There are 2 protein chains.
Amino acid sequence: MIGIFDSGIGGLTVVKAITERIPGYDIIYFGDTARTPYGNKSPETVIEYAVQDTTFLLNNGAKIIVMACNTASSVAFDIIEKRFDAPVFEVITPAAELALESSRKMAIGVIGTRATVKSGIYEKKIKALNPGARIYSVACPLLVPLVEEGWIDRPETAMIVKKYLHPLKVRQIDTLILGCTHYPLLKHVIQRKIGKRINIIDSSTGVAGKVEKFLKERPDIDSLLSKNGKTRIFVSDVTDQFAKTARVTLKQNVLLEHVKI
Amino acid sequence: MIGIFDSGIGGLTVVKAITERIPGYDIIYFGDTARTPYGNKSPETVIEYAVQDTTFLLNNGAKIIVMACNTASSVAFDIIEKRFDAPVFEVITPAAELALESSRKMAIGVIGTRATVKSGIYEKKIKALNPGARIYSVACPLLVPLVEEGWIDRPETAMIVKKYLHPLKVRQIDTLILGCTHYPLLKHVIQRKIGKRINIIDSSTGVAGKVEKFLKERPDIDSLLSKNGKTRIFVSDVTDQFAKTARVTLKQNVLLEHVKI
């Protein structure tokens, strides 16, 4: 199976992107809802959680790992990749590449959690590909709780988005990376506030292309993956609100299976 | 020592209330910042965490336990009290009593996390004391992240507070319980939006009086408590933001000691 994990429910945007891009593959998802969110916690703590999440997925049949969480991708990818034998994918590099393809002025904005922005990972990745690019990052810690509360089309959310995006507007970026799996649910609000000419890059879609390309190049690994079109969603805590957010994200009814890790 | 725990940093409002009410007692505090917040998680998960938090405090010298967290008090108090020998205090009952003393119309509002409100604990406690009282509860899940971000005096916060309080305003309450240790930091905003004639009951202050009374009645237990005026603050995760919130709450510099539980 393709194993995908996230700090909570938001990573289901990556499940959606992968099942749309390469339908038929069986997916096992783990959302760490008992300890969500990761984005305001320290790198050490996020690394510890990411190791546990990965171990759970591998122990339950995953043959490749997708870190759907930007925060975990930012601070834990190198360690996860070294520590485990399975191929590991993160959401940062594909988003950085898509942003560079899209940007004409090479002026790119990034919004993410406090931990993601503090890690400076998007700057590093983008500068490694194009040292001349200018990158402006803003931490938007309140957007995750707003999405999790379902406050998508509320005026308060629009005000908060506007306030967060202000420093990027004055920098005249032409491309904006949504560096958190929760943010695609706010894309229409973000587009309205940043301006309709700005290209918005969704970090959940880039990684799906990477996985597709990898599986084409590596039939040996592709053959390890079962293809019955089944998705199982495990979470470390179940509440009505988590179930509701999952339903909104995947646009279908979902069964959340509770597991302790 | 007096052991106090909370889901995170907010419970330091209880530390402050206790050190002001009965100065000199040594305090050991545990804030579960690696898994914060508790308020949007299930009762089962919060109970598990509360048992671990209590065990940590007792293993490190606490002789009495104060559950500074409204969410934990709501869903885990009965289990904690049964499971451990030490005296255990929660923040709900004292706040309910203060509210009944303060209310003339016996129309009381309660704001809290989703888990606290869903538990119905304030209704139960208040109705047990006065079956004629009317209680109206509203879950305000965004207030904890707003406080943790330090968005205290922002217009967005005032708008969100106003929206949450609207159903209580139309009920013509005369008393409002702040059923979450984070909310006292927003008290001035809440007072402005709910109206200056409404009595606001802070759940962190009531419990301090309970502890004082108990220790006067039980010199055998009081004698077990060391009194060097020292407070040690342990947290399961350390970040700059947690340290900043702790400083704002206690209005002094604090050392956060990292511990894994």
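Residues numbered from 1 in each chain as written. Chains lettered and ligands numbered in written order. Predicted model: local features only at pLDDT ≥ 70, side-chain atom pairs only at ≥ 80, totals over all residues. Heavy atoms only, no water.

1. Some details on the overall build of chain A
Consideration 1: Helix and strand content of chain A: 12 helices and 10 strands.
Consideration 2: In terms of C-alpha radius of gyration, chain A reaches 17 Å, essentially the compact-globule figure of 18 Å for 261 residues.
Consideration 3: Dimensions along the principal axes, computed over C-alpha positions, put chain A at roughly 50 × 40 × 35 Å.
Consideration 4: Of the contacts formed within chain A by residues at least 6 apart in sequence, a portion of 74% connects residues at least 24 apart.
Consideration 5: Of the accessible surface of chain A, which amounts to about 10700 Å², a share of 51% is contributed by carbon and sulfur atoms.
Consideration 6: Here chain A contributes 36 positively and 27 negatively charged side chains, and the mean placements of these two sets differ by 8 Å. (Helix = DSSP H or I, 4+ residues; strand = E, 2+ residues; numbered from the N terminus. Rg over C-alpha atoms; globule rule 2.2 N^0.38 Å. Contact = heavy atoms within 4.5 Å. Areas by Shrake-Rupley, 256 points an atom, 1.4 Å probe, with all protein chains shown as cover. Lys, Arg positive; Asp, Glu negative; His and termini not counted. Charge placed at Lys NZ, Arg CZ, Asp CG, Glu CD.)

2. Regarding the relation of the copies chain B and chain A
Consideration 1: Turning chain B through 180 degrees and shifting it by 0.0 Å along the axis lays it on chain A, with an RMSD of 0.0 Å. Both chain copies can therefore be described as sitting about a two-fold axis. If distances are taken from each C-alpha of chain B to the rotation axis, the shortest is found for Arg-35 of chain B, at 2.3 Å.
Consideration 2: When the interface residues of chain B are mapped onto chain A, 100% of them again lie at the interface, so the same face is used by both copies. (Least-squares fit on C-alpha atoms with pLDDT ≥ 70 in both.)

3. Re the nonpolar core
Consideration 1: Core analysis: the largest hydrophobic core is formed by 56 residues, its most contacted members being Ile-111, Leu-176 and Ile-190 of chain A together with Ile-111, Leu-176 and Ile-190 of chain B.
Consideration 2: Ignoring any residue separated from it by four or fewer positions in sequence, one finds Ile-111 of chain B in contact with Val-138, Cys-140, Leu-165, Leu-168, Leu-176, Ile-177, Leu-178, Gly-179, Cys-180, Tyr-183 and Ile-190 of chain B.
Consideration 3: The next biggest cluster of nonpolar side chains, apart from the first, holds 45 residues, and it includes Ala-17, Val-66, Ala-68 and Leu-215 of chain A. (Core = buried A, V, L, I, M, F, W, Y, C linked by side-chain atoms within 4.5 Å. Buried < 20%, exposed > 50% of the residue type's maximum accessible area, 1.4 Å probe, protein only.)

4. Let's talk about the side chain of Asp-6 of chain B
Residue and element names in this part refer to chain B.
Consideration 1: One can find Asp-6 in strand β1 (residues 2–6).
Consideration 2: In this structure, Asp-6 is buried with no salt-bridge partner, the nearest side chain bearing the opposite charge being Lys-41 at 12 Å.
Consideration 3: At 3.1 Å, the side chain of Asp-6 forms a polar contact with the backbone nitrogen of Gly-8.
Consideration 4: Among the polar contacts listed, one links the side chain of Asp-6 to the backbone nitrogen of Gly-11, at a separation of 2.8 Å.
Consideration 5: Setting aside anything within four residues of it in sequence, one finds Asp-6 in contact with Gly-11, Tyr-29, Phe-30, Gly-31, Asp-32, Ala-68, Cys-69 and Thr-181. (Salt bridge = Lys/Arg side-chain N within 4 Å of Asp/Glu carboxyl O. Polar contact = N/O pair within 3.5 Å; in protein donor to acceptor, adjacent residues only side chain to side chain.)

5. Quick notes on the domain arrangement of chain A
For an interface, size is often stated in terms of accessible area lost upon the parts coming together.
All names here are of chain A.
Consideration 1: Per the domain assignment, the segments making up chain A are domain 1 (2–90 + 205–258) and domain 2 (92–203).
Consideration 2: Using C-alpha coordinates to define each centre, domain 1 is positioned 22 Å away from domain 2.
Consideration 3: Counting residues at the interface gives 22 residues for domain 1, matched by 23 residues for domain 2.
Consideration 4: Area buried by domain 1 at its contact with domain 2 is led by Asn-70, Ser-74 and Glu-90, which between them contribute 29% of it.
Consideration 5: At the boundary of domain 1 and domain 2, one finds 1 salt bridge.
Consideration 6: Listing elements by their share of the side of domain 1 that touches domain 2, those giving two or more residues are α1 (12–21), α3 (70–83), α10 (203–217) and α12 (240–250).
Consideration 7: In terms of residue count, the dominant contributor to the side of domain 1 that touches domain 2 is α3 (5 residues).
Consideration 8: In terms of residue class, the side of domain 1 that touches domain 2 is built from 4 nonpolar, 14 polar and 4 charged. (Domains from an automatic or database assignment. Buried area = accessible area lost by both parts, 1.4 Å probe. Nonpolar A, V, L, I, M, F, W, Y, C, P; charged D, E, K, R; others polar.)

6. Regarding the interface of chain B and chain A
Consideration 1: Taken residue by residue, the interface counts 35 residues in chain B and 35 residues in chain A.
Consideration 2: Summing the contributions of chain B and of chain A, the shared interface buries around 2700 Å²; its carbon and sulfur component is 55%.
Consideration 3: Taken together, the connections running from chain B to chain A amount to 8 salt bridges.
Consideration 4: With its nearest N and O atoms 2.0 Å apart, the salt bridge here joins Glu-149 of chain B to Arg-114 of chain A.
Consideration 5: At the boundary of chain B with chain A, the tally comes to 18 residue pairs in polar contact (both at pLDDT 80 or more).
Consideration 6: Breaking the side of chain B that touches chain A down by element, the ones donating at least two residues are α2 (43–59), α5 (114–119), α7 (143–148), α8 (155–169) and α12 (240–250) of chain B.
Consideration 7: It is α8 of chain B that provides the largest number of residues to the side of chain B that touches chain A, a total of 6 residues.

7. Focus on the environment of Thr-116 of chain A
Residue and element names in this part refer to chain A.
Consideration 1: Assignment of secondary structure puts Thr-116 in helix α5 (residues 114–119).
Consideration 2: The spatial distance from the C-alpha of Thr-116 to the C-alpha of Ser-236 is 23 Å, given a sequence separation of 120 residues.
Consideration 3: When neighbours within four sequence positions are excluded, Thr-116 is seen to be in contact with Asn-70, Thr-71, Ser-74, Ile-121, Tyr-122 and Gly-179.
Consideration 4: For Thr-116, the side chain forms a polar contact with the side chain of Thr-71, separated by 3.4 Å.

8. Focus on α3 of chain A
All names here are of chain A.
Consideration 1: Between its first and last C-alpha, α3 extends 19 Å over 14 residues, near the 20 Å set by a 1.5 Å rise per residue.
Consideration 2: Of all the bends in α3, the greatest measures close to 75 degrees and is centred on Ala-76.
Consideration 3: Taken together, the buried positions of α3 are occupied by Asn-70, Thr-71, Ala-72, Ser-73, Ser-74, Val-75, Ala-76, Phe-77 and Ile-80. (Expected span 1.5 Å × (residues − 1). Bend = angle between axes of the 7 residues up to and from the residue.)

9. Quick look at the packing of helix α2 (residues 43–59) of chain A against α3 of chain A
Residue and element names in this part refer to chain A.
Consideration 1: Relative orientation of the contacting elements α2 and α3 amounts to 55 degrees, with a least axis distance of 9 Å. Taken together, the axis directions place α2 and α3 in an arrangement best described as oblique. As for how α2 packs across α3, the hand of that crossing is right-handed. In this structure, α2 contributes Pro-43, Val-46, Ile-47, Ala-50, Val-51 and Thr-54 to the contact, and α3 contributes Thr-71, Ala-72, Val-75, Ala-76, Ile-79, Ile-80 and Arg-83.
Consideration 2: Of the residues assigned to the contact of α2 with α3, the class counts are 10 nonpolar, 2 polar and 1 charged. (Axes fitted to C-alpha atoms, helices over the stretch in contact; angles between N-to-C directions. Parallel < 35°, antiparallel > 145°, perpendicular 65-115°, else oblique. Left-handed = near helix turned anticlockwise from the far one by under 90°.)

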